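Now for the letters of each chain:
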Amino acid sequence: MSLLLSSYPLQSLTKSNRWFPVRTGSKPVCLALTRAQTSGGDQEENVVIVGAGIGGLATAVSLHRLGIRSVVLEQAESLRTGGTSLTLFKNGWRVLDAISVGPQLRTQFLEIEGMVVKNEEGSELRSFKFKDEDQSQEVRAVERRVLLETLASQLPPQAIRFSSKLESIQSNANGDTLLQLGDGTRLLAKIVIGCDGTRSKVATWMGFSEPKYVGHCAFRGLGYYPNGQPFQKRVNYIYGRGLRAGYVPVSATKVYWFICFNSPSLGPKITDPAILKKQAKEMVSTWPEDLQNLIDSTPDETISRTPLVDRWLWPGIAPPASKGRVVLVGDAWHPMTPNLGQGACCALEDSVVLANKLASSINGGNESVEAAMESYGSERWSRAFPLTVRANLVGALLQWDNPLVCSIRNNIVIPKLVKLGPMLEHTNFECEPLYDGSKI
Ligand SMILES: Cc1cc2nc3c(=O)[nH]c(=O)nc-3n(C[C@H](O)[C@H](O)[C@H](O)COP(=O)(O)OP(=O)(O)OC[C@H]3O[C@@H](n4cnc5c(N)ncnc54)[C@H](O)[C@@H]3O)c2cc1C
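For every chain, the first residue of its written sequence is number 1, and the numbers climb from 1 along that sequence. The predicted origin of the model limits local features to residues at a pLDDT of at least 70 and limits the giving and counting of side-chain atom pairs to 80 or more, whereas totals for whole chains, interfaces and linings rest on all residues.

### Things to note about the overall build of the protein
Then comes step 1: Numbering of helices and strands starts at the N terminus; helices are DSSP runs of H or I of at least 4 residues and strands are runs of E of at least 2. Each helix and strand in the protein was counted, giving 12 helices and 20 strands.
Then comes step 2: Once C-beta atoms are placed from the backbone, any two residues with those atoms within 7 Å are in contact. Long-range contacts, defined as pairs at least 24 residues apart, comprise 74% of the intrachain contacts of the protein with a sequence gap of at least 6.

### Quick notes on the packing of helix α2 (residues 90–98) against helix α9 (residues 343–362)
Then comes step 1: Direction vectors running N to C along α2 and α9 enclose 40°, while the axes themselves pass 8 Å from each other. Where α2 crosses over α9, the two elements pack in a sense that is left-handed. Facing α2, whose interface residues are Asn91, Gly92, Val95, Leu96 and Ala98, α9 presents Ala344, Cys345, Leu348, Glu349, Ser351 and Val352.
Then comes step 2: Residues of the contact of α2 with α9, tallied by class, amount to 7 nonpolar, 3 polar and 1 charged. Here the axes come from fitting lines to C-alpha atoms, over the contacting stretch only for helices, and the angles between their N-to-C directions go from 0 to 180 degrees. Note on convention: near helix rotated counterclockwise from far helix by under a right angle means a left-handed crossing. Clockwise means right-handed. In the scheme used here, Gly and all other residues not listed as nonpolar or charged are polar, with Ala, Val, Leu, Ile, Met, Phe, Trp, Tyr, Cys and Pro taken as nonpolar and Asp, Glu, Lys and Arg as charged.

### Regarding the environment of Arg69
Then comes step 1: Mapped onto the secondary structure, Arg69 falls in the loop between α1 (54–65) and β5 (71–73).
Then comes step 2: Counts of 20 or more other C-beta atoms within 10 Å of a residue's own C-beta define buried residues, counts of 12 or fewer define exposed ones, and intermediate counts define partly exposed ones; C-beta atoms are placed from the backbone. Looking at Arg69, the number of C-beta atoms within 10 Å reads 21, which means it is buried.
Then comes step 3: Between the C-alpha atoms of Arg69 and Glu45, which are 24 residues apart in sequence, the distance is 9.5 Å.

### Thoughts on the site of the ligand
Then comes step 1: Nearness here is judged by the C-beta atom: place it from the backbone, and if it falls within 6 Å of a molecule or strand, the residue counts as near that partner. Every one of the 34 residues lining the ligand counts as a neighbour, but Gly51, Gly53, Gly197, Gly330 and Gly343 are closest to it.
Then comes step 2: At 4 residues, the largest contribution of residues to the shell around the ligand is made by α9.
Then comes step 3: Looking at the shell around the ligand residue by residue, the class counts come to 15 nonpolar, 12 polar and 7 charged.

### Description of unusual backbone geometry
Then comes step 1: A positive phi is found at Ser100, a non-glycine position, where the angle reads about 65°.
Then comes step 2: Here Ser100 is to be found in the loop between α2 and α3 (102–106).
Then comes step 3: Phi at Gln158 is positive, roughly 65°, even though this residue is not glycine.
Then comes step 4: If you trace the backbone, Gln158 turns up in the loop between α5 (144–152) and β10 (160–161).
Then comes step 5: On the basis of neighbour counts, which here come to 7 C-beta atoms within 10 Å, the residue Gln158 falls in the exposed class.

### Brief notes about the sheet that holds strand β16 (residues 243–249)
Then comes step 1: Note on pairing: DSSP must find at least two bridges between two strands before they are called paired. Reading across the sheet, the 7 strands line up as β8-β7-β15-β16-β17-β14-β18 and stay open at both edges, with mixed pairing between neighbours. Strands at the two margins of the open sheet, each flanked by one partner only, are β8 (124–129) and β18 (304–310). Strand-to-strand twist of the sheet, defined as the mean angle between neighbouring strand axes without regard to direction, takes the value 20°.
Then comes step 2: Contacting β14 (212–224), β15 (234–239), β16 and β18, helix α10 (residues 369–398) runs over the sheet at an angle of about 80° to β14.

### Examining the pairing of β14
Then comes step 1: Bridge analysis of β14 against β18 gives 6 bridges, and the strand direction is antiparallel. If you follow Phe219 over to β18, its bridge partner there is Arg305.
Then comes step 2: Note that β14 and strand β17 (residues 254–262) share 9 bridges and pair antiparallel. Across the sheet, Tyr224 pairs through a bridge with Lys254, a residue of β17.

### Looking at the nonpolar core
Then comes step 1: Throughout this description, the term nonpolar core refers to a group of buried Ala, Val, Leu, Ile, Met, Phe, Trp, Tyr and Cys residues whose C-beta atoms join them within 7 Å. Among the nonpolar cores identified, the biggest contains 100 residues, and Val48, Leu57, Ala58, Val192, Val202 and Ile259 are the most heavily contacted of them.
Then comes step 2: Here this core gets 12 residues from one element, more than from any other, and that element is α9.
Then comes step 3: Look past the residues within four positions of Ile259 in its chain and what remains in contact with it is Ala218, Phe219, Ala245, Ala280, Met283 and Val284.

### Thoughts on the packing of α1 against α9
Then comes step 1: Packing of α1 against α9 brings their axes to within 8 Å, and their N-to-C directions diverge by 30°. With respect to each other, α1 and α9 are oriented roughly parallel. The chirality of how α1 crosses α9 is right-handed. On α9, the residues that touch Ile54, Gly55, Ala58, Thr59, Ser62 and Leu63 of α1 are Ala344, Ala347, Leu348, Asp350, Ser351, Val352, Leu354, Ala355 and Leu358.
Then comes step 2: By residue class, the composition of the contact of α1 with α9 is 10 nonpolar, 4 polar and 1 charged. Working definition: roughly parallel below 35 degrees, roughly antiparallel above 145 degrees, roughly perpendicular at 65 to 115 degrees, and oblique for all remaining angles.

### Considerations on the environment of His426
Then comes step 1: When you line up the elements, His426 lands in the segment after α12 (420–423).
Then comes step 2: Residue class for His426 comes out partly exposed when judged on the 19 C-beta atoms lying within 10 Å of it.
Then comes step 3: Counting along the chain gives 337 residues from His426 to Phe89, while the straight-line C-alpha distance between them is 9.7 Å.
Then comes step 4: Here His426 is in contact with Leu340, Gln342, Leu387 and Arg390, once residues within four sequence places are set aside.

So this is what it looks like as structure tokens:
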């Protein structure tokens, strides 16, 4: 028996047993919090989020804060506990505050005061202090593992279903979506939020092209100093020819680093971290000793190599962010290169904007769910598309290997022309608080 197609309007019930009227196109339908099964044996869910990465978990937490239950499907057996760090700028922190996890995270990660740019010999080309340019700027490198665990800890038990890989998608006549999982489970969902990263199955189903390799790859690692790390609280960049590196303290004992190098093709996939470490070290063998020592202090298991990809959401060419009641968030929609440190920040922004719009629709606002998703798509497109393009262009500029161009960059552009304020303008983001649509 279907619990989901009760007639509208419905009585207001307590939070734990509340029915959500969902306006779908011209015909409102209602969602119950209770999970159900169709006569065909498919499990019914109201809101399914595909992917327990930063975007998926932040969306689930935002919805949860607004009283909307969701199920998060994650292909892996557990949260991604390996990996390194991400630099989050003030826009990311605004979102983490809006979903009430900012204070908890701040206590674990150092606030970074500025940045210094050096050439490959280690001579300083320029340094900046973030607060000199913008009092409200906030920069911290957070461990991805801790961020994911913190977000997940805000969700009710069983909200995340691990080992649940989405294999295929199909929409049915009334606009619901049938999700087929790798273990044979079939879920019939009212609302699907695709947060499944750069290789998103949801995006492919919606007609998006594969993200494009941009011609450079990144090594990443997390140095560990059990007796305390030696670096000042600033981001260090070293710019060479077709090669650049960066490192930033994360906490009292950990330091995140990356090396970005040009590579016309992806090359063989190497997963042995000891080999990756050796390759990374060889690449910067003549560079400042600090960096060499940092790589030596890095546990092998934290080292990875990632080809950098993006997808430009050309107006009129890229499909919209939503199709019916299926919508994309984060890298699944707008994969961007990490040159501005904005991929995760932007996924966090998406999550709050989408949750607010969905909640407003679900809680009896004037818009249908489809319209709420469209409104999210157009609002966020104007944010994500320029960022994607800018990140790509910055990367191309920094990866130049022409000696003359690099010399102009290191001797004129960086020391004399670059201004940090305008460079970080993209971190301005007014994060609306989470609001329950029923109250407006
Ligand atoms: C080298 C590098 C450095 C970066 N540095 C920064 C930085 O400093 N600051 C910043 O803001 N961003 C940075 N980013 C970008 C950031 O990592 C991403 O933008 C962010 O992780 C996107 O989050 P997401 O949730 O959209 O996707 P993901 O983090 O990729 O999560 C997707 C999740 O979906 C799951 N999944 C995938 N397919 C399926 C399926 N079929 N079924 C079920 N589950 C599935 C995956 O297992 C994963 O858990 C960097 C990226 C790279 C590559």
